[in-house]
Each structure stands twice: as C-alpha cells, then as structure tokens.
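Structure at a glance
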Amino acid sequence: MVNIDFNLDVVEAATSYEPLPTGWYELRIVGSEQKMTKAGDGKYLQIEFEPDESAHPEIKGRKIWQRYNLWNQNTTAVEIAQRDLKSLVQACGESSINDSEELHGTTVSCKVVLRPAANGYQPSNEIKGYRASDGGAPKPQAKAASSSASPPWARR
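Residues numbered from 1 in each chain as written. Predicted model: local features only at pLDDT ≥ 70, side-chain atom pairs only at ≥ 80, totals over all residues. Heavy atoms only, no water.

A short note on the sheet that holds strand β5 (residues 124–132)
Within a sheet, adjacent strands bond to each other through the backbone by hydrogen bonds, running parallel or antiparallel. A sheet is described by the order of its strands in space; here five strands give the open sequence β3-β2-β1-β4-β5, paired in antiparallel fashion. For this open sheet the edge positions go to β3 (64–71) and β5, each flanked by a neighbour on one side alone. Averaged over neighbouring strand pairs, the angle between their axes works out to 45° when direction is ignored. Alignment of strand β2 (residues 43–51) against β3, held across six bridges, turns out to be antiparallel. Looking at the pairing, Ile-47 lines up with Gln-66 of β3. In the packing of helix α1 (residues 75–91) onto the sheet, contacts are made with β1 (23–36), β2, β3, β4 (107–115) and β5, and the angle to β3 comes to roughly 125°. (Pairing = 2+ DSSP bridges. Helix = DSSP H or I, 4+ residues; strand = E, 2+ residues; numbered from the N terminus. Axes fitted to C-alpha atoms, helices over the stretch in contact; angles between N-to-C directions. Contact = heavy atoms within 4.5 Å.)

Regarding the environment of Phe-49
Structurally, the position occupied by Phe-49 is in strand β2. The buried category is assigned to Phe-49, whose relative accessible area is 0%. The spacing of Phe-49 and Gly-105 is 56 residues in sequence and 9.5 Å in space, taken between C-alpha atoms. (Buried < 20%, exposed > 50% of the residue type's maximum accessible area, 1.4 Å probe, protein only.)

Remarks on the nonpolar core
Among the nonpolar cores identified, the biggest contains 23 residues, and Ile-47, Phe-49, Tyr-68, Leu-88 and Tyr-130 are the most heavily contacted of them. Considering every element that reaches this core, the biggest residue donor is α1, with five residues. Not counting chain neighbours up to four residues away, the residues in contact with Tyr-130 comprise Trp-24, Phe-49, Gln-66, Tyr-68, Asp-84, Ser-87, Leu-88, Ala-91, Val-108, Ser-109 and Cys-110. (Core = buried A, V, L, I, M, F, W, Y, C linked by side-chain atoms within 4.5 Å.)

A short note on the pairing of β4
Regular strands place their side chains on alternate faces of the sheet. Of the strand pairs in this sheet, β1 and β4 are connected by six bridges, and their pairing is antiparallel. Each bridged residue has a counterpart across the sheet, and for Leu-27 the counterpart in β4 is Val-108. In this structure, β4 lies alongside β5, joined through eight bridges in antiparallel fashion. Note on β5: the bridge partner recorded for Val-113 is Glu-126.

Here is the structure:
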C-alpha cells in the first residue's frame, strides 16, 4: 500500500493532449535548444511554443515543438529550415538574430497543421506558417472602396 500524502482536491486533473485541429494560433516562444539528429549526422534547432493563454485559454499547458534542420548533410533540408526560420524571425518583428534566445517570450501567429499518424508515430502538430501576432484581437474590417477613380494621396 502507498500512502498519498497530499490533498487531491487542490490539484487540477490532467487533460488530454490530443493534437490541435489545423488553424492559426497565437503561440509564445518559451524555449530553444540545439539537438542531434536521430541518425547522429547532423543537428537541428528545436523551438518550443506554447499557446498564449489570453488568446487560447482552452488549450492552456499545451506545447508544440518545431525543428529546423540548420546543420544537416542534406542541403535541401538546410535551405527549407533557413527559409522557415527567417519567416519566424520576421513574424517576431526582427530582421535577424544571433541567438535563438532572442526570440524567447515573443508571441507569434502560427499556422498549426495536424500531421496524421504514420510509421508507428501518433498524430501530431507541426507549424507550417508564421505571421506577426494580432494579439488574439479580431482583424479590422477592410475599408469600403472609394468611388473616386483618383488614388488616395491625390484626393482632398
């Protein structure tokens, strides 16, 4: 027998962490690290994201990890990773960075897609696009087109 010596009434029950449905989410960058590839012949940058709680309280505590194969023998993989990382950096409002930690704490809108189960792996999420965060606020409506044929800067 094992004695449980804490009050379960004050502990929140664990929730299911099924993959998120495909869509745009406000995610905050909370960590990053360099890791070795499974084959051991390269390295990748892994960035950890979690939902912005003010924009997505229903998925509080979830995490998404995105890998960028920046140091790999496959030049195509490196080029894709560089383009993806550039998109992330620009969406964070930066033109370049020297260290991934410079992105920590930044919230960005991410296109999260559902990757189906395959090759013995469970379904999971991956990020397929970035844009500057809108803070979870509704997007402003486009202004109605003017009936004037002249460009806006020429009107008075």
